[in-house]
Amino acid sequence: MTELSGSHFLVVGATGVLGAELSRRLAARGARLTLSGRSAAKLQALAGELGSAVEGTVTADLGKAGSPMEIAAAVYGKELNGLVFAAGVVAFGPAVAVEDDTLDELMLVNLLGYMRLMREVGPQLVRDSVVVQVSAVVAESPTAGMAAYSATKAGLSAYGRALTFELRRQGVRVIDVRPPHTETGLAARPIAGDAPRLPQGKDPGAVADRIVQAIVDGEKDLPSSSFN
């Protein structure tokens, strides 16, 4: 069992629907939070809602190469009991037609930003801490019309599997989360292309509940089948 009360979590992507739900649940269990997101207005609104649970905020866009350093600076010198990476963007369209700018942003936000962030904050994770990386079902089942997005999520999962072995001696647990399509509104805000017709997605609150349960119960992997 992992005790959340009094722990310190860095939540990246806190202004997204799922990131905000996770932040609320962690705060409700007594965790202290440093929140990061792209929207300053949404970040301040969430911080105001969560009150004294929030130790600090940092507005950062992972589509910009220097953002991981800005996020890391917000927690520099502080012990971390957890990192939640819930940032992400999506794009649709044929693999042979994806433009360079789209590829670059997908890679920066969904994968490279996280890798750079882990390089900076990984040493601050104390024994018995946890890293939660939110991937997606497409990491398990790459999808036509979403090849580039699928590749970034598959890369995220692969990176997490390797991190599991590397951080084991440090006493850090990595949870790779691959939820089915969830009603976060992300599909309605693609950085390129148009979303295909999608089935009704999972409730973000229910997905967040399942993730927090995994944190507390010591789980190490949350495949899409865990959310049925």
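First, a word on scope: everything that follows refers to the structure included in this document. Since the model is a prediction, treat every value here as computed from it, not as a measurement.

The rules we used
Residues numbered from 1 in each chain as written. Predicted model: local features only at pLDDT ≥ 70, side-chain atom pairs only at ≥ 80, totals over all residues. Heavy atoms only, no water. 1 Å grid on protein atoms, 1.4 Å probe; cavity = no way out; pocket = protein on both sides within 12 Å on 5 of 7 lines; lining within 4 Å. Points joined across faces, edges and corners; volume = space filled by probe spheres on them. Helix = DSSP H or I, 4+ residues; strand = E, 2+ residues; numbered from the N terminus. Nonpolar A, V, L, I, M, F, W, Y, C, P; charged D, E, K, R; others polar. Salt bridge = Lys/Arg side-chain N within 4 Å of Asp/Glu carboxyl O. Buried < 20%, exposed > 50% of the residue type's maximum accessible area, 1.4 Å probe, protein only. Pairing = 2+ DSSP bridges.

When its volume is computed, the largest pocket comes out at roughly 990 Å³. Lining the largest pocket are 44 residues, with A86, G88, V89, T184 and L186 sitting closest to its centre. Listed by contribution, the elements that provide at least two residues to the lining of the largest pocket are α1 (17-28), β2 (32-37) and α5 (147-166). For the lining of the largest pocket, the element with the most residues is α1, which contributes three residues. Taken together, the residues that form the lining of the largest pocket break down as 25 nonpolar, 14 polar and five charged.

Moving on, we come to the pattern of salt bridges. Inspection of every chain in the model, using the stated rule, returns 11 salt bridges. A salt bridge links E21 to R24; its shortest N-O distance comes to 3.8 Å. In this pair, E21 and R24 are both assigned in helix α1, three residues apart and thus about one turn of the helix distant. Accessibility expressed as a relative area gives 29% for R24, which makes it partly exposed. R178 is paired through a salt bridge with E140; the nearest N and O atoms lie 2.8 Å apart. Of this pair, R178 sits in the loop between β6 (172-177) and α6 (204-217) while E140 sits in the loop between β5 (125-134) and α5, and the two are 38 residues apart along the sequence. Judged by its relative accessible area of 9%, R178 is buried. Connected through salt bridges with shared partners, the residues E21, R24, R25, E49 and D209 form a single ionic network.

This part takes up empty space enclosed by the protein. Within this structure, the stated rule accounts for one cavity of 30 Å³ or more. Considered as a void within the structure, the largest cavity measures approximately 30 Å³ in volume. Lining the largest cavity, in full, are A91, F92, G93, V98, L106, G145, M146, A147, A148 and Y149. Tallying contributions element by element places α5 first for the lining of the largest cavity, with three residues. The residue inventory of the lining of the largest cavity, partitioned by class, reads eight nonpolar, two polar and no charged.

With respect to topology, seven strands assemble into an open sheet ordered β3-β2-β1-β4-β5-β6-β7, the strand pairing being parallel. Both outer strands of the open sheet, β3 (54-59) and β7 (221-222), are each paired with one neighbouring strand and no more. Here two bridges tie β6 to β7, and the two strands are oriented parallel to one another. Bridge pairing in β7 places V177 opposite L222.

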